[in-house]
Structures are given as structure tokens and as C-alpha cells.
2 protein chains.
Amino acid sequence: MSLIVQKFGGTSVQNRERLFNVARIVAKTRAQGDDVVVVVSAQGDMTDDLIAKADEITHDASKREMDMLLSSGEQISAALLAMTLQELGCSAISLTGWQAGFHTDRAYTKARIKSIDTERIESELSRNRVVVVAGFQGMNRYDDITTLGRGGSDTSAVAIAAALNADLCQIYTDVDGVYTADPRKVPNARKLACITFDEMLELASLGAQVLNNRSVELAKKYSVNLEVRSSLTDLPGTIVKEVTDVEGMLIKGVAKDDNVAVISVLKVPDEPGVSFKVFSLMAQHKINVGIILQSVGRDKSKDILCTVPLEDAALAERLLRENQSRFGGSEIVVDTDVAKVSIVGAGMQSHSGVASKMFETLYENNINIQMIATSEIKISVIIKKADADRAVTAIHAAFFS
Amino acid sequence: MSLIVQKFGGTSVQNRERLFNVARIVAKTRAQGDDVVVVVSAQGDMTDDLIAKADEITHDASKREMDMLLSSGEQISAALLAMTLQELGCSAISLTGWQAGFHTDRAYTKARIKSIDTERIESELSRNRVVVVAGFQGMNRYDDITTLGRGGSDTSAVAIAAALNADLCQIYTDVDGVYTADPRKVPNARKLACITFDEMLELASLGAQVLNNRSVELAKKYSVNLEVRSSLTDLPGTIVKEVTDVEGMLIKGVAKDDNVAVISVLKVPDEPGVSFKVFSLMAQHKINVGIILQSVGRDKSKDILCTVPLEDAALAERLLRENQSRFGGSEIVVDTDVAKVSIVGAGMQSHSGVASKMFETLYENNINIQMIATSEIKISVIIKKADADRAVTAIHAAFFS
């Protein structure tokens, strides 16, 4: 007998039909003799509807009250799913975040889980009940309700799996697993049977958003076996774990991120402290800098380039211009007509041919590379936005055909 | 400085406009220097919408899960009202039932309040905050959420007022007070400045439903001064308290209840135990019997008549017929074409003219009286349903013109 945590997102529980579909999955798992803890998000557009209600009142709602408001969404779906399970003859009970023992810090709207007191959940499991937990929420030391931020239900599920030492944490989503490329864009994209936490983290941050990154980091930290699978098919999904089996596949996926801009600060003085001044500005304003390149100093000057999320490009440009006297430079250039295309795979670090194969493919397709960045398990290039889809298809074909 | 509890129903908080209206009332009270605790119901049709969601899944939902589901409605309106107060610059915080310290028994969907731990509310009041409490809900000894049943937010408000020893508990409703008759039916109905708890209880049970009876009983028990007033006008409402000032008004109101049926068991043996057998049957099946009349024994037989709520008439008839062999009788007659018209007033007991004036008025209007029942503060008659509105208008004119 195993203990399995199953997480279902908002679309999976959005109406009667989908609730029964989820309940059948859960009841089937239970019928196999496993203990099951289910974590649910709010139904469909519930969270957005509640945010709209608050927005009608104020654009500056207190974060504590937002958490009070939004946490009701998961409470509703948890109660409805428990009823649905009972209707199928499967003994079940719903618990809010605080009832399930989620203790968080006091950072309303983006709280971190500090500990989970599993006594109540374990007591309900011992009474042969499926425990349906409202995801995304917890309680702080003031007995106030907190929420974990967007994607928080994934984090709730992984945290419970870690606290209960569960055998598996299944994340049910709209897609049936992690693919070697976006299957809507690349028809012959393949589903991966297995991927490592690190590869998953790189793919997620590169725009192949299947799992919330925070939940993957948590799973890695506590060695929780994850499975990403679909609630609409009965197919096995993709297992995410520490080390994957040798399967001869050097790279795990090709991902595109076109939510990116390149900012160049040209001809800054080639002296210590310049980079620090530029990037501490970004950090102070919570701008998440991706790739950083610095040209080799020449003529006593150098160029600094970096990528930032597209939505932060205007802010970054304004900050740099307002503070340019502090670090100098001849020109500040912002290019929003770019995309980042990356290949990810833990195996590539020991195979020097991977990078050259990627570059060769781009060259053959007449796609110009503006920037290159590499890590042990990833190679990213910045290219023109218009070339991005073509690049993904070509690179995918080069590695997976 | 006083402490005032203000309760607002579902229509009073149903949208942005109404929330701001309520927030202005609360902020104005606060600005006068009083401490304010606000109790809210769920917005407009929220509770019915949630019930509909559950009904889609099952017609036999677990009561525990229903309470989990429905309590979210008041949590949402409490958070929204706290935001609205903050937007008006009024410091405020929302609390769920469990955060506000409502401990109940374990009777899901109709829990009784056992105690209120006021520590959190008092701590927030001492920080100069308006405390917005989600009505209708509490927590039982298992840390599970319970609800108090329909009208439960009135009960929440009175219970908090009692626990905090508040100076006044204001119940804001659609009407601006308690009237001498239904103002929609009787144009010259007068608003009462004051009414006793007992009079209010009689009027409520007679169909002039303004306040939930349980809340009036609780207010009477703990001597909580109530005020019924409108959230849409600034007029003073009606004060409900233990003893009203002498104001020369013998009767306080004329009320009609046409949700009633008369059941007659004719010619039962005139021997001990017959009434017991008839009414213990009703009690076993939770049928709420109103007026009971028993004719004087004659020819060794007597007639037993009683009123029951209209919706229970068929059940009562079936029970009596199935068990007729236990108490005998020649015939069982059910009359659903009736209404109960009553006058209520603590002053009437010492004025013998009241009853005769009522009967005279009915006689003058050619309305036949089928049954009469009196208590110290009430006289009720059962008449034909078609005569009821005419009877109310005539009696009201006789006493209030």
C-alpha cells in the first residue's frame, strides 16, 4: 500500500462533469488500496472572479484581506470534490489549509510554508478517508489565512507529499506530460517518460511552463517523486525525479521564451564596479535578469548586455537612463524583438558536439545568433523573435529525428 | 464611547455600490467615537448559488461538507467589506467565525453557539479597528466549520453583542423597522419606536418576519438591546428591549400568517390520554403545532383541533389516519383554506376591551371566526384565507385610527 498525493488544477474541477472525472480518478487510485491525499485549486475562473470583485472596490486592497478573500475559492472546490467522492461511495473529507496544518510565514499573497502539522491528515487517512485539501493556502502565527501565490497549489501538493513522506506526488494538468518541445508548435514533439528536477527547472524557466518552479525546487529539496499527467487521459505521464535512467537521450527538450527583451549598455568604462552598479539597480527594483554578457574590454570600454522579462523592459530602460551618470556608457539600447531558444539536458555537459550541432542547425536555417549563454545542462541563444518557431522546429528535428 | 454591533444581510452587501453604502454607515458610527463590530451575511444569491453547485453533484450532500462550502460565502463578504472600509480610510479587519472565536456544538447546518472566545475581537478593537465578522458560522470541537442555519447571521450578531456586553446591536434589513401591520398591505401601518422581546417573538412567529426568532430569544436571554433599521435610509428604526416605555399603545401590531392549516379530529372518546396520543405523534415527526383547541366533552366524545404549518399538513393527516386506531374518532378533516390573524401587545392583558373590539370589528366586516386562541400578549383568530387581508386592514384601522 502506497501513499499518493494527487493535485488537480482549476480547469480539472471547474464544473460538475470535471469534478466527477477527477473523483473517478481518485476513487480508482483508492480502490487499488492506496491512501490518497488530494490537493485542489479553485474552480476555473473563481480566483479571477474574486480578484475582479476586489478590483471593483479598490486597486490597492490589503494583502491580508486578499488572502481572506481568495482562500475561499479552494475551500469551495475542496468541499465540492469531497461531496463528489462521497456520491461515488468513496469516503472523503475536505480540509482547509489551516485545518490541514499548513503553517506559513506572514507574507500575505506570497507566503512560504514553514511547517505542516500532519496530525489531522494522518488521523483522517487512518479512518480510511480520502483527504481533500484546499491548495494554495495556510495560516500564519496570528491565526490569519495566507496564500502561497500563483501556482501555490502545486507547492501545497509537493509540501504535503514531503511532510507525509508520500511515495508519489501526481500533478494533473491539461497536458499529459513534459514534451521535448511545445507539442502545439512542433508536431513530432515526444513525451518524456522521465526528466530530472534540474532539467525540469531549466525547462520551466525557459517558457515550457508545466510545473510551478517553486514546487519543483521543493520536490528536489525533499526528494519527492513527481509525476506530471493529464486528468483527461489514462496515459502515464512524465516522472520528475533526482536522477533519470540512462536512456541515451542527450537533450530533454527544446524551449522557446519570447517574453524577453535584450538591454545593451554600450561603451561603459572598463573599470571595476560598473557591472555592480548596473545590476544592483535592477535587483533593487526586483527585475529578474536572465542572461548577462559582458564584452571583453577594448579601447578602455566594454559593452554590457542582459535579458530581462519583456514586461520589465521599459522600467529597466528608465532606471538605466536616470542613473547613467553613475556608470557612464555611450548608449542604452533596448531590443524587444527577440526570443530565447534553449536546449536542456543533463547529458549534454559531457558531449561537446551538442552546442555545435545546435549552432550548425541555426546556420543551415540562416538564423542569426545574437547572444549565447550556457550552463551545465542548458544552451540558450537569443535570436530574432520572427525566427523563433522555425528555430525550435529545426533544432528539435536535428536532435530527435 | 459605546460598543455597537451592526449586522448587514445579504442584499445589503450584494455588490460594490451596496458595500460602499454599508461601509459609509459603519465608518460614520466609528467616526462618532464608538467601537464597532460588524457581522455580515453572504452576498445576495451567493448562498443559493453554492447550494445549487452542491445540488448538481448530489441531493444528499454531507452536512459537514455543506458547512465547509457555505461558510465561504460569508468569508468573501467579510473580506470585501473590510477592503471597502479600508478604501474609505477606516481601519478594519475581517475575521471568519472560527477566527472570531465562535465555538459551536457539532450539529452541522444548524449548530448552536456554545461560547464565544472574544480575545481576538477585543484585541483588534483595542487597535482601533472595525472588526468585520463572517456571520452564520463557527467551529466545533473537532476544528471543523459549522453553520448556524438560516437567519444565523442575526444570531451571530446578537451572540457577539451579548459576549462583548455591547451597548446596542443594530440589525440592518430591507425594512426600516417593525410596523403595526405589513406596510405593503396596510398603507397606514405605523412604525413602532419600541417593542418588547416578547411582542417581537409573537409578531415574528405570526408571519411578520423581520428578525430571526432565535436571535430575539438570545437577545431576551442576555438583555441585548436590539434595533431593527434600514441600511437605505438614515431614519431611526425600532428598538427591541425587555420593557418598553409607557406610550399608551395597547397593541403593537396586527399580523397575518396564511402558511397554516387546521386539522380536526372529530368525536374522539372523552377519556384520558387521547390528546397525548395525537400530539406525541406530531412531536415525534417534528411537526410544529400552533393553536390547540379541545371541545368540551359531550355524548362521551370530544373534538380536537390544531393548527400546523401548511407544508406539514399532508404529513400530519397521513400520520393521524395511519394511527387512528390508537385514539379513535369519527373523522379527520384538514382545512388548508385558512389564515391566522393576530394582534400582539403586552398592554392588552389588563384591558378586557381589546378582545371584544377585535371580534366586533370582524363581525362588522362579516368575517366568521373559526377558532380563537389567546395568550397574555396575543389574540389570534383562524378565519378563511380569502378574508385575511380585509381582516388585517379592518383590525388595524380599529386600533390605530
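Residues numbered from 1 in each chain as written. Chains lettered and ligands numbered in written order. Predicted model: local features only at pLDDT ≥ 70, side-chain atom pairs only at ≥ 80, totals over all residues. Heavy atoms only, no water.

Q: Please set out the overall build of chain A residue by residue, giving values where relevant.
A: In terms of helices and strands, chain A carries 12 helices and 20 strands. Relative to a compact globule of 401 residues, whose C-alpha radius of gyration would be 21 Å, chain A shows 23 Å and is just as compact. Evaluated residue by residue, chain A yields a buried proportion of 55% over its 401 residues. Within chain A, residue pairs in contact and separated by at least 24 positions form 75% of the contacts whose partners lie at least 6 positions apart. As displayed, chain A offers around 17,200 Å² of accessible surface, 48% of which is attributable to carbon and sulfur atoms. Of note, chain A has its 44 positive side-chain charges centred 2 Å away from the centre of its 52 negative side-chain charges. (Helix = DSSP H or I, 4+ residues; strand = E, 2+ residues; numbered from the N terminus. Rg over C-alpha atoms; globule rule 2.2 N^0.38 Å. Buried < 20%, exposed > 50% of the residue type's maximum accessible area, 1.4 Å probe, protein only. Contact = heavy atoms within 4.5 Å. Areas by Shrake-Rupley, 256 points an atom, 1.4 Å probe, with all protein chains shown as cover. Lys, Arg positive; Asp, Glu negative; His and termini not counted. Charge placed at Lys NZ, Arg CZ, Asp CG, Glu CD.)

Q: Kindly report on the sheet that holds strand 17 (residues 331-335) of chain A, identifying the contributing residues and their values.
A: Residue and element names in this part refer to chain A. The antiparallel open sheet is built from 4 strands, whose spatial order is 15-16-14-17. Two strands close off the open sheet at either side, each with one partner strand: strand 15 (292-294) and strand 17. Taken over all neighbouring pairs, the strand axes of this sheet differ in orientation by 15° on average, direction set aside. The sheet contact formed by strand 14 (residues 260-269) and strand 17 spans 5 bridges and is antiparallel. Residue pairing for strand 17: Val-262 is matched across the bridge by Asp-335. Contacting strand 14, strand 15 and strand 16 (301-309), helix 8 (residues 274-284) crosses the sheet at an angle of about 20° to strand 16. Against the sheet, helix 9 (residues 313-322) contacts strand 14, strand 16 and strand 17, and its axis sits at roughly 15° relative to strand 14. (Pairing = 2+ DSSP bridges. Axes fitted to C-alpha atoms, helices over the stretch in contact; angles between N-to-C directions.)

Q: Explain the side chain of A:Glu199 residue by residue, including any values.
A: Within the element layout of this structure, A:Glu199 appears in helix 6 (residues 197-205). The residues contacting A:Glu199, other than those within four sequence positions of it, are A:Lys252, A:Val344, A:Gly345, A:Ala346, A:Gly347 and A:Ile377.

Q: Could you give me a rundown of the packing of aromatic side chains, with the residues and numbers involved?
A: By convention here, two paired aromatic rings are described through the distance between centres and the angle between planes. Residue and element names in this part refer to chain A. Counted under the stated rule, the structure contains 3 aromatic pairs over all chains. When the ring of Phe-8 is compared with that of Tyr-172, the centres are 4.5 Å apart and the planes differ by 20°; the resulting orientation is stacked. With Phe-8 in strand 1 (residues 3-8) and Tyr-172 in strand 9 (residues 168-173), this pair connects stretches of sequence that are 164 residues apart. Using a relative accessible area of 0% as the deciding quantity, one classes Phe-8 as buried. For Lys-357, the ring lying beneath its charged end belongs to Phe-399, and the centroid distance is 4.9 Å. (Phe/Tyr/Trp six-rings, centres within 6.5 Å; stacked < 30°, edge-to-face > 60°. Lys NZ or Arg CZ within 6 Å of the ring centre and 35° of its normal.)

Q: Give a detailed account of empty space enclosed by the protein, specifying residues and quantitative values.
A: In the structure shown here, the tally under the stated rule is 1 cavity of 30 Å³ or more. Here the largest cavity defines a volume of roughly 30 Å³. Looking at the lining of the largest cavity residue by residue, the class counts come to 3 nonpolar, 5 polar and no charged. (1 Å grid on protein atoms, 1.4 Å probe; cavity = no way out; pocket = protein on both sides within 12 Å on 5 of 7 lines; lining within 4 Å. Points joined across faces, edges and corners; volume = space filled by probe spheres on them. Nonpolar A, V, L, I, M, F, W, Y, C, P; charged D, E, K, R; others polar.)

Q: Please set out the relation of the copies chain B and chain A residue by residue, giving values where relevant.
A: Once chain B is rotated about the relating axis by 179° and shifted along it by 0.0 Å, it coincides with chain A to within an RMSD of 0.2 Å. Such a combination of rotation and displacement between the chain copies is what one expects of a two-fold axis. When C-alpha distances to the rotation axis are compared across chain B, the minimum falls at B:Ser72, with a value of 2.5 Å. A share of 100% of interface residues in chain B that are also interface residues in chain A marks the association as one of identical surfaces. (Least-squares fit on C-alpha atoms with pLDDT ≥ 70 in both.)

Q: Pulling in residues and values, what's your account of the layout of surface pockets?
A: As a volume, the second largest pocket reaches approximately 820 Å³. Forming the walls of the second largest pocket are 35 residues, and the residues nearest its centre are A:Tyr142, A:Asp143, A:Asp144, B:Trp98 and B:Arg120. At the level of elements, helix 3 (63-87) and helix 4 (119-126) of chain A together with strand 3 (92-95) and helix 4 (119-126) of chain B are the ones that each hand at least two residues to the lining of the second largest pocket.

Q: Describe the interface of chain B and chain A, and please don't skip the residues or the numbers.
A: Contacts between the two partners involve 42 residues from chain B and, on the opposite side, 42 residues from chain A. Both faces combined, the contact of chain B with chain A buries some 3,300 Å², and carbon together with sulfur accounts for 60% of it. Applying the counting criterion to the chain B and chain A interface returns 2 salt bridges. Between B:Asp144 and A:Arg120 there is a salt bridge; the shortest N-O distance is 2.8 Å. One can count 20 residue pairs in polar contact (both at pLDDT 80 or more) joining chain B with chain A. Taken together, the elements giving at least two residues each to the side of chain B that touches chain A come down to helix 1 (16-31), helix 2 (46-57), helix 3 (63-87) and strand 3 of chain B. Here the side of chain B that touches chain A takes 16 residues from helix 3 of chain B, the largest share from any one element. (Buried area = accessible area lost by both parts, 1.4 Å probe. Salt bridge = Lys/Arg side-chain N within 4 Å of Asp/Glu carboxyl O. Polar contact = N/O pair within 3.5 Å; in protein donor to acceptor, adjacent residues only side chain to side chain.)

Q: Got a sec to walk through the sheet that holds strand 19 (residues 371-375) of chain B? Specific residues and values, please.
A: Residue and element names in this part refer to chain B. Across the sheet, which stays open at both edges, the 4 strands sit in the order 13-18-20-19 with antiparallel pairing between neighbours. Strand pairing shows two members of the sheet lacking a second neighbour, strand 13 (253-257) and strand 19, which therefore form its edges. Taking the axes of each pair of neighbouring strands and ignoring which way they run, one obtains an average angle of 20° across the sheet. Against the sheet, helix 11 (residues 353-364) touches strand 18 (338-344), strand 19 and strand 20 (378-384), its axis set at about 15° to strand 20. Contacts from helix 12 (residues 388-400) reach strand 13, strand 18 and strand 20 within the one sheet, and its direction differs from that of strand 13 by about 170°.

Everything listed is a geometric property; what it means functionally is a separate question.
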